[in-house]
Amino acid sequence: MKVLVLNSGSSSIKYQLFRSEDWTAIASGMVARIGETEGEMRLEWLDADGVMQRDQNDLAVPSHQEGIDFIVETLQSHGVLGDVSELSAIGHRVVHGGPHFKHPVIVDADVLAELHEVIPLAPLHNPGHLAGIEVSRKHFPSVPSVVVFDTAFHQTMPPTAYRYAIPEYLYTEHRIRRYGFHGTSHHYVAKRAAELLDKPLEQCNLITMHLGNGASASAIRNGRCVDTSMGLTPLEGLMMGTRCGDMDPAVPIYLSKHLGLNAEAIDHMLNRQSGLLGICGVNDMREVVRLAERGNERAELALGMMTHRLKKYIGAYYAELGAVDAIVFTGGIGENSAEVRAGACAGLEALGIELDAAANAGRADEAGLCISTAESRVQLWVIPTNEELEIAQQTLATVERKRR
Ligand code: AMP
């Protein structure tokens, strides 16, 4: 049987098709520029001989409806998907589940109503997700749809970690609190870390660092998230590609009062023009490192700021957890940038964190890469994330639980 994972944005739908017997990704792709005069469609799939094939075109995709039709037709015409009855379930990634969703759920009218209800908390993401879910439910009325939330893994945080020190009614009436994001990734690498540590996840204390263009850290005690760096939105916490992360909350007030910027302009500045880009003019870590190696002072500063903040979060979460079995690096930067990992761990030997420089220079494959010395009390791991696989597995588990 097969599980289809859909990640629908406002103008794109990314997808992956898994064979659930061995969890091989047999196809993946995207339709993009939905609603524009020229669209974009890409598909990679494994043919009958197990050889990866590619197809792409730029036909217009007027709406999510045509996008889903297109995905199904393409999968069928290339022989990756036969009859729709081959699909056990469809998993949908949803960025924001609000305060109520603690686990993946099968989509029904109540779930759709709740997802509409939390749109104000994720206005850029949830409307696109909803469009994809509603269209795919119409297309596959006989296949269960499951929503898997980026926020769900963090729902185990205690109020001491998730509440903001602002007036009570903002929480009770407006649901303003820390939610956290990248939960599917933090959960996936935490489970993999437990396997690598050869311990049940329920006995593992971990600090997981998802460092991509967006970045977040989580503190995990006995397998459950107790704190995370992103907040009401994915703007809080670590310094990111184009997002500022933590700063004095008075900065937006200052920008409004003294530079006359309105809410949209401040939102754009802090989400899209800040972070690495704001400091050194580029947001791709490969380029930042290249520039820093050539002595570019702004790039050196950007790299230094990013690793300084990573270290602050490692320290804070170490103190919160009391004891740490492992720190895990994942995401495009966490998996690939030896410089960032070295900067984050430098000088932490007194905490039992000892990086092995030679191991850190290696490349992590799916199995994971241990980058700590044999003496390090805290193990350091690079574990490639696989959010789609995690969504597919959670989707099938949710459907099977319901059947029992
Ligand atoms: P993600 O959002 O997880 O896909 O991560 C994307 C980011 O990973 C890019 O913006 C790059 O900054 C970073 N990245 C990807 N490959 C490398 C690499 N080889 N070295 C350093 N950073 C990388």
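Residues numbered from 1 in each chain as written. Predicted model: local features only at pLDDT ≥ 70, side-chain atom pairs only at ≥ 80, totals over all residues. Heavy atoms only, no water.

Colleague: If you had to explain the pairing of strand S10 (residues 215-221) to someone new, which residues and values would you point to?
Modeller: Most of S10 sits inside the fold, with six of its seven residues counted as buried. Note: strand S9 (residues 206-211) against S10, six bridges, orientation antiparallel. Note on S10: the bridge partner recorded for leucine 206 is isoleucine 220. What sits between the antiparallel neighbours S9 and S10 is a turn of three residues. One ladder, built from four bridges, connects S10 with strand S11 (residues 224-228); its direction is antiparallel. Bridging across to S11, isoleucine 220 finds its partner in cysteine 225. Once S10 ends, the chain turns through two residues before running back antiparallel as S11, passing asparagine 222 with a positive phi of about 50°. (Buried < 20%, exposed > 50% of the residue type's maximum accessible area, 1.4 Å probe, protein only. Helix = DSSP H or I, 4+ residues; strand = E, 2+ residues; numbered from the N terminus. Pairing = 2+ DSSP bridges.)

Colleague: For the site of the ligand, give the residues involved together with the corresponding values.
Modeller: Surrounding the ligand, one finds Gly212, Asn213, Asp284, Met285, Arg286, Gly331, Gly332, Ile333, Asn336 and Ser337. Here an oxygen atom of the ligand and a backbone polar atom of methionine 285 are 2.6 Å apart. One of the backbone N or O atoms of glycine 332 is found 2.9 Å from an oxygen atom in the ligand. Alone, the ligand offers 500 Å² of accessible surface; in the complex the protein occludes 68% of this. Within the residue set of the shell around the ligand, elements represented by two or more residues are helix H10 (285-293) and helix H12 (331-336). Looking at the shell around the ligand, the element that brings in the most residues is H12, giving four residues. (Near = heavy atom within 4 Å. Polar contact = N/O pair within 3.5 Å; in protein donor to acceptor, adjacent residues only side chain to side chain. Areas by Shrake-Rupley, 256 points an atom, 1.4 Å probe, with all protein chains shown as cover.)

Colleague: Provide a residue-level description of the packing of aromatic side chains, including the pertinent values.
Modeller: Inspection of every chain in the model, using the stated rule, returns four aromatic pairs. It is arginine 177 that lies over the ring of tyrosine 162; its NZ or CZ is 3.7 Å from the centre. (Phe/Tyr/Trp six-rings, centres within 6.5 Å; stacked < 30°, edge-to-face > 60°. Lys NZ or Arg CZ within 6 Å of the ring centre and 35° of its normal.)

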